[in-house]
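Descriptive analysis of the structure
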Amino acid sequence: MSTNPLEIAQPNQSRETVIELKDIQISFKLADGGRFDAVAESNLKVAENEFVAIVGPTGCGKSTLLNAVAGLLVPAGGAVEIGGQRLQGLNRKAGYLFQQDALMPWKTVLENVAIGLEIAGVPKAQAREQARGWLEKVGLGNFGDRYPHMLSGGQRKRVGLAQVLIRNPKYLLMDEPFGPLDAQTRVIMGDLLLDLWSQDKKAVIFVTHDLEEAIALADRVVIMSAGPRARIMAEYRIPLARPREISEIRLDNQFHHIHREIWGALKEEVLKGYRQTSGDRQ
Ligand SMILES: Nc1ncnc2c1ncn2[C@@H]1O[C@H](COP(=O)(O)OP(=O)(O)OP(=O)(O)O)[C@@H](O)[C@H]1O
């Protein structure tokens, strides 16, 4: 039994579970005919309106787990349930934001944001009107006529967010979305994300290797062990008040306390992960 008051022994059942991983196992076939067991039996429940961050050592299986929730890969065992239904095929209720943005270089920023609605059958003029609104919301109201190569990394991320949110997905799956950005821009993007999220609080799974980012953003931080056969090894609730301002919250004593508690559990796994990626399989 954990003595850490932040650690969750039983996930909170009071809100409806909207995403559930049930004893999920994920393996990859290797070119030599062998098999790599990336994720061992893992369980996770995400409640409606909840922001969950998944943290773990490099290469442990965070993206793999998220890909299973997105329906991009089929688990070898167990199941993913979305809104109580077993997921089969792509998770069409989710918006997915990757580390690499998915902007089309030959389309303007406005066209890139509007395209999801246009494909879904929304008349062009209406889709573009909504796209203009989303560009305002992400602070790029004057950038609609530019092409992606004319934007900074942070601006491209803003367009990516608008591109996903305009389709009003029920859930957000984010895989190190701010990974390539410099530290200051990451903070600004985190604040923008929290601001947009607070407006309708979609359930979010946010994958990151950055524990500080996870604590600053999430209601709950889930820790994965080092692979192979990685598993979800602990969950921590983050009792920091909202609304949060990331640059401020990182200076808060409570933030440091939470960071120390979780890092205590994560550190050994991170070291194991590094030993494994450097070839020292102990
Ligand atoms: N298609 C594949 N075939 C074989 N192994 C794979 C495949 N995809 C991922 N893996 C392996 O599965 C493990 C988990 O990979 P994954 O990308 O999910 O890790 P991660 O935790 O997201 O890593 P990082 O933090 O470095 O982005 C790694 O050891 C990786 O090499």
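Here we summarise the structure given alongside this text. Predicted model only: the values in this text are computed from it and were never measured. (Residues numbered from 1 in each chain as written. Predicted model: local features only at pLDDT ≥ 70, side-chain atom pairs only at ≥ 80, totals over all residues. Heavy atoms only, no water.)

Side note on the layout of surface pockets
Let me state the cut-off plainly: Site definitions follow a grid-based scheme: protein atoms alone, a 1 Å grid, a 1.4 Å probe that fits but cannot get out for cavities, and for pockets an open set with protein on both sides within 12 Å along at least five of seven lines, plus lining residues having an atom within 4 Å of a point. Grid points are joined across faces, edges and corners, and a volume is the space filled by probe spheres set on the points. We count a stretch as a helix when DSSP gives it H or I for four or more residues in a row; a strand needs E for two or more, and each element gets its number in order from the N terminus. Ten residues, namely Ala, Val, Leu, Ile, Met, Phe, Trp, Tyr, Cys and Pro, are considered nonpolar, four, namely Asp, Glu, Lys and Arg, are considered charged, and the remaining ones, Gly among them, are considered polar.
By volume, the largest pocket is sized at about 680 Å³. Ala 94, Gly 95, Tyr 96, Val 164 and Arg 167 are the residues nearest the centre of the largest pocket, which is lined by 28 residues in total. Contributions of two or more residues to the lining of the largest pocket are made by strand 6 (94-97), helix 2 (109-119) and helix 4 (153-165). With five residues, the single largest contributor to the lining of the largest pocket is helix 4. When the residues that make up the lining of the largest pocket are grouped by side-chain class, the tally is 14 nonpolar, eight polar and six charged.

Re unusual backbone geometry
We count it as follows: Only protein chains enter the area calculation, which uses a 1.4 Å probe; residues under 20% of their type maximum are buried, those over 50% are exposed, and those in between are partly exposed.
In this structure, Pro 228 follows Gly 227 across a cis peptide bond, with omega equal to -5°. Checked against the element boundaries, Pro 228 lands in the loop between strand 9 (220-224) and strand 10 (232-237). For the peptide bond that leads from Arg 242 to Pro 243, omega is 0°, which places it in the cis range. Despite not being glycine, Asn 49 shows a phi value in the positive range, around 70°. A positive phi angle, close to 55°, is found at Arg 229, a residue other than glycine. Relative to the elements of secondary structure, Arg 229 occurs in the loop between strand 9 and strand 10. On the accessibility criterion, Arg 229 (45% relative accessible area) is partly exposed.

Regarding the nonpolar core
Test applied: We define a nonpolar core as any set of buried Ala, Val, Leu, Ile, Met, Phe, Trp, Tyr and Cys residues linked to one another through side-chain atoms lying within 4.5 Å. Residue contacts are counted whenever heavy atoms from the two residues lie within 4.5 Å of one another.
Judged by nonpolar contacts, the single largest core of 57 residues is most densely connected at Phe 51, Leu 161, Ile 215, Val 221 and Ile 262. It is helix 5 (residues 183-200) that contributes the most residues to this core, seven residues altogether. Not counting residues up to four positions away in its chain, the partners in contact with Leu 161 are Leu 97, Met 174, Met 189, Leu 192, Leu 193 and Leu 196. Ranked by size, the runner-up nonpolar core spans 32 residues in total, among them Ile 24, Ile 26, Leu 66 and Met 224.

Looking at the site of the ligand
Note the threshold: We call a residue near a molecule or strand when any one of its heavy atoms sits within 4 Å of it. Between N or O atoms, a polar contact is any pair within 3.5 Å; within protein, one atom must be a potential hydrogen donor and the other a potential acceptor, and residues adjacent in sequence are included only when both atoms are from side chains. Surface accessibility follows the Shrake-Rupley procedure with a 1.4 Å probe radius. Residue values consider only the protein chains on display as shielding.
Inspection of the region around the ligand gives 13 residues, with Thr 58, Gly 59, Lys 62, Ser 63 and Thr 64 positioned closest. Here Cys 60 contributes a backbone N or O atom positioned 3.1 Å from an oxygen atom of the ligand. Between the ligand and Lys 62 there is a distance of 2.8 Å, counted from an oxygen atom to a side-chain nitrogen or oxygen. Taking 650 Å² as the accessible area of the ligand by itself, protein coverage stands at 60%. Of all the secondary-structure elements, those providing two or more residues to the shell around the ligand are strand 2 (35-47) and helix 1 (62-70). Residue composition of the shell around the ligand, by class: six nonpolar, five polar and two charged.

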